[in-house]
Amino acid sequence: MYATFLFFRVTMSSKSDKNSGNSDKELAVKAKSEFNKGNYGNCVQILEKLTADKSCDVKLAHNKAVAEFYKGGLKKTESFQKALKAIFEKAKLRPERLETLEDVDTCVLYYNYAVILYHLRQYRAALGIVSKISRYIEPLVEPAMVPSVELNNGRKMPLLGLGCWQAPGDEVAAAVEAALLAGYRHIDTAYNYLNEDGVGRGIKAAIASGKVKRSDIFVVTKLPNIGMQAGKDVFPFENGKLLMDFSTDLIAIWKEMERMVSLGLTKSIGVSNFTVKQVRKILANAKIPPAVQQVECHVYFQQTEMREMCKQHNIAFTSYSSLGSPGSKMFMEKMGMKVELPDLLNNPVVRLVAEKHNRTAAQVLLRFLVQQDIIVIPKSVKVERIKQNGDLFSFKLDEVDMGALRLLDQGEAGRIVRMKDLFPNSDMHPEAPH
Ligand code: NAP
């Protein structure tokens, strides 16, 4: 898949070759079209003509190698080896050059070579190359490759979003920009995260790049706990205890949210951390049913009952803390709590499945969910992780993997984020979710 895509891109970039005349361009287009049709033999023949020309540059030699490779049915054929050797000679690809690369086109060549090595099951060599060039190459996720779920109001919500909790302003701005450029089109934030301005800056920068359209971006935000009353503190505490308004009326708040829709201030409304009972209460009183429910969900806490109820009522389901929220340990320690969190990323079953597919543990945890139409919003402020976490739609887990991962479910005991631990005495509230 990647090799196919890159093949197009490299072919297209040959348009700017100093020495290519019109007929060369036509031949390149023809080669591309043959490649698209799967006529690799014809494609190789055309590329043969182009590469036979002494002035032809390394990109075409490379394309020829890719076509040879496919022609051989993804096998290491002799003609492929020859073609590969030709690019090596033309591009002077040498491992030591990897350290000083500044030319993006050459990086693309290396990347394509890594893809070929990957198909040849030379994973270590492929990974070595990708990790060295990754800071230069284009994002791995193509926007069109991120599927969406259709909400009950007919709108589309991308299955993959970027989580923004515990990402301060400048970090979140860079992360949001990187995520949008890497193909994410959904950002999950909240007033409580105190970083919505940073999210806005990231979105603005991505739009300014010309690669992202505002209309394609799906931003989720959430009412703050203090949303119903004036106050500066997001979490007002007194004597170590959360100050609460015990008169919360969920139906009245929902009606106000419905008004926001009618005023055109938001397109879709949903709930988060609601219990099954609370969702039913909203459904029984709503003109607009919730479009989405967002709750903690991961291999240890698979939320079977909640998901079933959402499915019954056509409510989309978003998982938060899908990776086990490793960062919340730091958050809790800052709040003076000592906690040991389960380490989902190092669970042996997860790691075995990851090894089997040559993917990361994080990708397996996320793929397990999206493969069940569960929307995921992994948080990261690290560009490499953002790209890697987003690369979920180019592989599939099989039934054996899915079955093994399903068995990790511990039900309620697997819950990691406990509001009453984060906010002492919050469980005293009559609407406390859990
Ligand atoms: P998460 O996405 O499960 O985990 C995020 C943590 O994992 C961060 O510390 C991140 O660190 C690290 N990480 C990310 N990718 C990784 C990788 N490939 N390998 C190893 N570590 C990786 O947890 P979360 O932040 O709790 O949940 C995700 C999002 O859900 C939140 O950001 C927020 O938007 C939302 N959420 C909503 C609620 C709610 O009440 N509605 C509650 C919790 C979360 P780096 O940043 O350093 O990469």
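Small disclaimer: the values here were computed from a predicted structure and weren't measured.

Trainee: What am I meant to see in the overall build of the protein chain here?
Mentor: Along the backbone of the protein chain there are 18 helices and 11 strands. Considering only contacts in the protein chain between residues 6 or more positions apart, those separated by 24 or more positions represent 68%. Surface summary for the protein chain: the accessible area is close to 22300 Å², and the carbon and sulfur share equals 54%.

Trainee: I tried to follow the nonpolar core on my own but got confused; where do I start?
Mentor: One finds Leu-162 and Val-176 to be the most contacted residues of the largest nonpolar core, which totals 83 residues. The element that contributes the greatest number of residues to this core is helix 15 (residues 361-370), accounting for 8 residues. The contact partners of Leu-162, leaving out residues within four places of it in the chain, are Ala-175, Val-176, Ala-179, Tyr-184, His-186, Ile-187, Asp-188, Ile-377, Pro-378, Ser-380 and Ile-386. Among the nonpolar cores identified, the runner-up in size contains 14 residues, and Ala-31, Val-44, Tyr-70 and Ile-116 belong to it.

Trainee: Honestly, the packing of aromatic side chains in this entry has me stumped. Any pointers?
Mentor: The geometry of an aromatic ring pair comes down to the distance between the two centres and the angle between the two planes. As enumerated under the stated definition, the model contains 1 aromatic pair in all. We note Arg-367 situated over the ring of Phe-395; from NZ or CZ to the ring centre the distance is 5.9 Å.

Trainee: How do you make sense of the pairing of strand 9 (residues 292-296) when you look at a structure like this?
Mentor: Each regular strand carries side chains that alternate between the two faces of the sheet. Burial within strand 9 is extensive, with 5 of its 5 residues counted as buried. Where strand 8 (residues 271-272) lies against strand 9, 2 bridges are found, and the strand directions are parallel. Of the residues in strand 9, the one forming a bridge with Val-271 is Gln-293. Considered for its hand, the β-α-β crossover made up of strand 8, helix 11 (residues 276-285) and strand 9 is right-handed. Alignment of strand 9 against strand 10 (residues 316-320), held across 5 bridges, turns out to be parallel. What sits directly across from Glu-296, in strand 10, is Tyr-320. Traced from strand 9 through helix 12 (residues 304-312) to strand 10, the parallel crossover comes out right-handed.

Trainee: What exactly am I supposed to notice about the sheet that holds strand 4 (residues 186-188) here?
Mentor: Sheets are built from strands paired through backbone hydrogen bonds, the pairs being either parallel or antiparallel. Judged by pairing direction, the sheet is parallel, and its 3 strands sit side by side in the order 3-4-5 without closing on themselves. Because the sheet does not close on itself, it has two edges, and the strands there are strand 3 (162-163) and strand 5 (218-220). Strand direction decides the pairing type here: strand 4 and strand 5, joined by 3 bridges, are parallel. Bridging from a neighbouring strand, Ile-187 pairs with Val-219 of strand 5.

Trainee: Would you take a moment to explain helix 15 for this structure?
Mentor: Counting along an α-helix, one turn takes 3.6 residues, and residues three or four places apart therefore face a common direction. Buried residues dominate helix 15, accounting for 10 of its 10 residues. For helix 15, the set of buried residues is Ala-361, Ala-362, Gln-363, Val-364, Leu-365, Leu-366, Arg-367, Phe-368, Leu-369 and Val-370. Buried-residue contacts for helix 15 involve strand 10, helix 14 (348-357), strand 11 (375-376), helix 16 (383-390) and helix 17 (399-406).

Trainee: Explanation requested: the site of the ligand in the structure shown.
Mentor: Of all residues adjacent to the ligand, which total 28 residues, the nearest are Asp-188, Asn-273, Ser-325, Ser-380 and Lys-382. Contacts to the ligand include Lys-379, whose side-chain N or O atom sits 2.8 Å from an oxygen atom. Side-chain polar atom of Arg-385 to an oxygen atom of the ligand: 2.8 Å apart, as the coordinates give it. When the ligand sits alone it has 900 Å² of accessible area, and the protein chains cover 89% of it. Residue composition of the shell around the ligand, grouped by class: 12 nonpolar, 11 polar and 5 charged.

Trainee: Help me out: how do you make sense of the sheet that holds strand 11 in this one?
Mentor: Spatially, 4 strands are ordered 8-9-10-11 in an open sheet, and the strand pairing comes out parallel. Edge strands, defined here as strands with exactly one partner in the open sheet, are strand 8 and strand 11.

Trainee: Please clarify how unusual backbone geometry should be interpreted in this entry.
Mentor: Of all residues except glycine, most have a negative phi; of all peptide bonds, most are trans. Although it is not a glycine, Gln-303 adopts a positive phi angle of roughly 55 degrees. Secondary-structure assignment places Gln-303 in the loop between strand 9 and helix 12. With phi around 60 degrees, Asp-373 is a residue other than glycine that occupies positive phi space. Note on Asp-373: relative accessible area 53%, which makes it exposed.

Trainee: Help me understand the side chain of Ser-380 in this model?
Mentor: When you line up the elements, Ser-380 lands in the loop between strand 11 and helix 16. Polar contacts involving the side chain of Ser-380 include one to the main-chain amide nitrogen of Lys-382, which spans 3.0 Å. In this view, Ser-380 contacts Leu-162, Gly-163, Ala-175, Arg-385, Ile-386 and Asn-389; residues no more than four positions away in its chain are not counted.

Trainee: What should I look at first to understand the pattern of salt bridges in this one?
Mentor: Opposite charge on two side chains permits pairing when their charged atoms draw close. Tallied over the entire structure, the rule returns 12 salt bridges. When the shortest N-O distance is used, the salt bridge between Arg-201 and Asp-170 registers 2.9 Å. Of this pair, Arg-201 sits in helix 9 (residues 196-208) while Asp-170 sits in helix 8 (residues 169-181), and the two are 31 residues apart along the sequence. For Arg-201, a relative accessible area of 40% puts it in the partly exposed group. A relative accessible area of 60% means that Asp-170 is categorised as exposed. A salt bridge links Asp-391 to Arg-359; the shortest N-O distance between them is 3.3 Å. Linking Asp-391 in the loop between helix 16 and helix 17 with Arg-359 in the loop between helix 14 and helix 15, this pair joins segments that are 32 residues apart in sequence. Here Asp-391 matches Arg-359 in class, with each residue buried. A single salt-bridge network, built from bridges that share partners, covers Asp-170, Asp-197 and Arg-201.

Criteria and cut-off values
Residues numbered from 1 in each chain as written. Predicted model: local features only at pLDDT ≥ 70, side-chain atom pairs only at ≥ 80, totals over all residues. Heavy atoms only, no water. Helix = DSSP H or I, 4+ residues; strand = E, 2+ residues; numbered from the N terminus. Contact = heavy atoms within 4.5 Å. Areas by Shrake-Rupley, 256 points an atom, 1.4 Å probe, with all protein chains shown as cover. Core = buried A, V, L, I, M, F, W, Y, C linked by side-chain atoms within 4.5 Å. Buried < 20%, exposed > 50% of the residue type's maximum accessible area, 1.4 Å probe, protein only. Phe/Tyr/Trp six-rings, centres within 6.5 Å; stacked < 30°, edge-to-face > 60°. Lys NZ or Arg CZ within 6 Å of the ring centre and 35° of its normal. Pairing = 2+ DSSP bridges. Right-handed = clockwise from strand over helix to strand, strands pointing away. Near = heavy atom within 4 Å. Polar contact = N/O pair within 3.5 Å; in protein donor to acceptor, adjacent residues only side chain to side chain. Nonpolar A, V, L, I, M, F, W, Y, C, P; charged D, E, K, R; others polar. Salt bridge = Lys/Arg side-chain N within 4 Å of Asp/Glu carboxyl O.

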